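Now for the letters of each chain:
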Amino acid sequence: MKILAWNCRGLGNTATVRQLAHLVRHHQPDLLVLSEIRLPPEKFNRVCSKLHFIDSHYVPSVGLSGGLGMCWMKGVSCNIQVSSRYSIIGEISSDPPGIPWILVGTYGPPNSVDKELFWFKMGDYALKTTHLILFLGDMNGTLKDSECFHYHGSVSRYSFDFRRMVDRAGLIDLGFLGLAFTWVKGSTNPSVGVAMKRARLDRGLASSEWRILFPQAIINHLAASKSDHRPLLLDTMGGANCKGRQFKYENMWARDPQSFWVVKEAWKHRRHPNPMINFHKKGKATSRKLLSWNKTQFKHLSQQVHKAKSQLEEAEKNITNVADLKNAKQQLSEALLREEIHWRQKSRVQWLKEGDMCSKFFMASTVIRRRRNYIQCIKENSDGDWIRDQDKIARCFLNRFKETFTKDHPSPVQLSPALFQKV
């Protein structure tokens, strides 16, 4: 699913509508979130029809400011729950089917009078809802002071209520691809000169459950000339997948005594006369044996947990043998422990101990780390175009390494002893 969010700064301009039509035609979003539309309802509906959106919801502007709208294409099931000047809350139930989640199209209050109450209500809603939740749009605030440039004032005070809400609700920043700043404005301070104010005011924030459901979701910062805000394009399936992962020993394997014999069986044969090559081949054979054994013995962790729960339910229904009930409880505890160890290892979180049962936290940490480590796109040189195809990215790295290691480098420069001080 693709969602385009943009603070368009008024759709009354023909050039702005033309640019919006280009964005929709080029990126083909399924749902559109627009803020500061500054149009009467009938004109907004006309724009939506022109862009081939079949349904919409609009909160009209007050005077010459505001105007928040959401519209969606055919095939998208969006049920608007509540709306206000600063947010439209809709339930999305079409992607994925059967798992509804909440989209909050957001336009953060620009004035300090409304900030505290609005973000307090949003924090309460995020904590109380039983659905997965996503905030997307212009937040009119930043999460870190480093996300602002050439600001002359207290950035922390301006964004205090927004940051407090994010911390209180435990929301996750979805990150971005592209330029770091989504808002640019020329400075009016004569002492600064022609310096430009820049900030990352637009972003996506999600609950940990939403992030686990959509691990490939990414946000692109797009270009636009008719607004001082950049459009955001959220693509729930836009992240690149790692094609071939390296072998890594799973700590949960040590919970099964059979792992010792698998390693012993793979290690006992001599595979080459040369000791180093023999060691390398034994390591390869051990990894293959463990992976094969893992598929047959451990299978999928969630299946193990589900099977253990089913066995426990059957044992509780037919309480004829206390030993069977005790054995079923032990199997469920073991399955849950293995799942926790697995996700804890993948998340690389070291400050929590095993037994804390934070599997959801470990899963979210793993998804965030993988998304951050993936190379989505690169430039072959500073003036080149972005390369997004994964095969082309791999060839680019290989060619650069070949070029680096085949060059005729001069002999290293001799360092003068005078550079080093005696201790």
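Describing the side chain of Asn140
Here comes step 1: Examined against the element boundaries, Asn140 turns out to sit in the loop between strand E8 (132-138) and strand E9 (148-149).
Here comes step 2: Discounting chain neighbours no more than four positions away, the residues touching Asn140 are Tyr107, Gly108, Pro109, Pro110, Lys115, Tyr158 and Leu201.

What to know about the sheet that holds strand E13 (residues 202-206)
Here comes step 1: Here we have six strands laid out as an open sheet, ordered E5-E6-E7-E8-E13-E10, and mixed in their pairing. The sheet terminates laterally at strand E5 (78-83) and strand E10 (172-173), the two strands that pair on one side only.
Here comes step 2: Sheet topology note: the E10/E13 ladder contains two bridges and is antiparallel. Bridge pairing in E13 places Asp173 opposite Leu205.

Some details on the sheet that holds strand E14 (residues 218-221)
Here comes step 1: Strand order in this open sheet of six strands is E3-E4-E2-E1-E15-E14, and the pairing throughout is mixed. Strands with a single pairing partner mark the edges of an open sheet, and in this sheet they are strand E3 (55-59) and E14. Pairwise comparison of adjacent strand axes, ignoring direction, gives a mean angle of 15° for this sheet.
Here comes step 2: In terms of strand pairing, E3 meets strand E4 (residues 68-72) through five bridges, oriented antiparallel. Each bridged residue has a counterpart across the sheet, and for Ser56 the counterpart in E4 is Cys71.
Here comes step 3: Most of the contacts of helix H1 (residues 14-27) go to strand E1 (residues 2-7), to which it runs at about 160°, and overall it touches E1, strand E2 (31-35) and strand E15 (232-235).

Quick look at the packing of aromatic side chains
Here comes step 1: Counting across every chain of the model gives eleven aromatic pairs.
Here comes step 2: Seen in terms of ring centroids, Phe118 and Trp119 are 4.8 Å apart; in terms of plane orientation they differ by 65°. Their pairing is edge-to-face.
Here comes step 3: Overall, the relative accessible area of 1% leaves Trp119 in the buried class.
Here comes step 4: Arranged with centres 4.9 Å apart and planes meeting at 50°, the rings of Trp119 and Phe162 form a pair that is tilted. Of the two residues, Trp119 sits in helix H3 (residues 112-128) while Phe162 sits in helix H5 (residues 160-169), which places them 43 residues apart along the sequence. We note that Trp119, like Phe162, is buried.
Here comes step 5: An aromatic cluster of three or more residues is present, and its members are Tyr86, Tyr107, Phe118, Trp119 and Phe162.

Parameters and conventions
Residues numbered from 1 in each chain as written. Predicted model: local features only at pLDDT ≥ 70, side-chain atom pairs only at ≥ 80, totals over all residues. Heavy atoms only, no water. Helix = DSSP H or I, 4+ residues; strand = E, 2+ residues; numbered from the N terminus. Contact = heavy atoms within 4.5 Å. Pairing = 2+ DSSP bridges. Axes fitted to C-alpha atoms, helices over the stretch in contact; angles between N-to-C directions. Phe/Tyr/Trp six-rings, centres within 6.5 Å; stacked < 30°, edge-to-face > 60°. Buried < 20%, exposed > 50% of the residue type's maximum accessible area, 1.4 Å probe, protein only.

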